[in-house]
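Residue-level structural notes
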Amino acid sequence: MKNTRGNPFLDSGLTGPTEASSNRGGWASKFLLGEAPRELNARLSKFEVPPLVREEQRGTRYLSIGYPLPLLRDALNDQLDADRQVQRVSWGLGLTLTAKDGGDFRLGEFAPKFGLYMGIRVQRTSPDGTVPVVLHDWVFNESIERLTRTKRYDWQRHSKYWSIWDSSVPVDADSMNEADLRDFVMDQYLVGLATLRGLWW
């Protein structure tokens, strides 16, 4: 029997790979924390953009990667007291692992409630990692016009760590094969990042 201790994808309440299904498409979680940052950084290098995509958070509920938005971080910190400063502000790509809100899934198969989503992720280290709703609203209002240029029109207002976000995998994701879905997600991520250039980074 394989040792699964410490594997957040196989803990209670999470979906994960099984021996019987190991011959099907790759898991979204493994794509997000493995191939996606490397491929996005490689593409950014080709566009002469610094390759800075990195893992933002890994836990038993949420996974994300992100490209830092230093101008937005500074703008938010200008509005916060010294003891409430934000540390991580990025253009993120995320996945919710809990079965209730999403769950891991195989690329090229039917996605859960949210699937993979992207947007502006804001987090501070204490006390609970979130920022005031008024700041999330400010980020949303400042960013929505730019992000509608991505031809995505379902941008959602804040959700805990995300000031503005949208599902980057369509509900009918099972109509795409795995390779097409990976390219689609990475293309959407880069288009979103590009629209924020000159505004937040």
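These numbers were taken from a predicted model, which means no experiment stands behind them. (Residues numbered from 1 in each chain as written. Predicted model: local features only at pLDDT ≥ 70, side-chain atom pairs only at ≥ 80, totals over all residues. Heavy atoms only, no water.)

**Section: the overall build of the protein**
- The helix and strand inventory of the protein stands at 4 helices and 6 strands.
- Sorting the 201 residues of the protein into buried and exposed places 49% on the buried side.
- Taking all contacts inside the protein whose residues are at least 6 apart in sequence as the whole, residues at least 24 apart take part in 67%.
- Carbon and sulfur atoms make up 50% of the accessible area of the protein, which totals about 10200 Å². (Helix = DSSP H or I, 4+ residues; strand = E, 2+ residues; numbered from the N terminus. Buried < 20%, exposed > 50% of the residue type's maximum accessible area, 1.4 Å probe, protein only. Contact = heavy atoms within 4.5 Å. Areas by Shrake-Rupley, 256 points an atom, 1.4 Å probe, with all protein chains shown as cover.)

**Considering the environment of Arg121**
- Looking at the element boundaries, Arg121 is found in strand β4 (residues 116-123).
- Sequence spacing of Arg121 and His158 is 37 residues, and the spatial spacing of their C-alpha atoms is 9.3 Å.
- With near-sequence residues (within four places) excluded, Arg121 lies in contact with Glu56, Gln57, Ser64, Arg88, Val89, Ser90, Tyr161 and Trp162.
- A distance of 3.0 Å separates a polar atom in the side chain of Arg121 from a polar atom in the side chain of Gln123. (Polar contact = N/O pair within 3.5 Å; in protein donor to acceptor, adjacent residues only side chain to side chain.)

**Some thoughts on helix α3 (residues 133-147)**
- Along its 15 residues, α3 runs 20 Å from first to last C-alpha, staying within 8% of the 21 Å computed at 1.5 Å per residue.
- Of all the bends in α3, the greatest measures close to 30° and is centred on Asn141.
- For α3, the set of buried residues is Leu135, His136, Val139, Phe140, Ser143 and Leu147. (Expected span 1.5 Å × (residues − 1). Bend = angle between axes of the 7 residues up to and from the residue.)

**Brief notes about unusual backbone geometry**
- Backbone geometry at Glu48 places phi at a positive 60°, although glycine is not the residue there.
- You can call Glu48 exposed: its relative accessible area is 73%.
- Of note, Lys160 is a non-glycine position whose phi angle comes to about 60°, a positive value.
- Structurally, Lys160 is set in the loop between β5 (156-159) and β6 (162-167).
- Residue class for Lys160 comes out partly exposed when judged on its relative accessible area of 42%.

**A look at the packing of aromatic side chains**
- Across all of its chains, the model carries 7 aromatic pairs by this definition.
- The interplanar angle of 65° and the centroid separation of 5.2 Å between the aromatic rings of Tyr67 and Trp201 together place this pair among those described as edge-to-face. Of this pair, Tyr67 sits in strand β2 (residues 62-68) while Trp201 is found in the segment after α4 (178-195), placing the two residues 134 residues apart along the sequence. Side by side, Tyr67 and Trp201 carry an identical accessibility label, which is buried.
- A centroid spacing of 5.8 Å and a plane angle of 65° characterise the contact between Tyr117 and Trp165, whose relative ring orientation is edge-to-face. With Tyr117 in strand β4 and Trp165 in strand β6, this residue pair connects regions lying 48 residues apart in the sequence. Each of the two residues, Tyr117 as well as Trp165, counts as buried.
- Every member of this aromatic cluster is reached through a ring pair, and the members are Trp91, Trp155 and Tyr189. (Phe/Tyr/Trp six-rings, centres within 6.5 Å; stacked < 30°, edge-to-face > 60°.)

**Brief notes about the environment of Gly198**
- Tracing the backbone shows Gly198 in the segment after α4.
- Taking the C-alpha atoms as reference points, Gly198 and Leu71, separated by 127 residues in sequence, lie 9.0 Å from one another.

**Side note on the pattern of salt bridges**
- Tallying each qualifying case throughout the model produces 7 salt bridges.
- We note a salt bridge from Glu35 to Arg182, for which the minimum N-O separation is 1.9 Å. You can see Glu35 sitting in helix α1 (residues 28-46) and its partner Arg182 sitting in helix α4, a full 147 residues away along the chain.
- Bridged by salt links that share partners, the residues Glu39, Arg43, Asp183 and Asp187 form one connected network. (Salt bridge = Lys/Arg side-chain N within 4 Å of Asp/Glu carboxyl O.)

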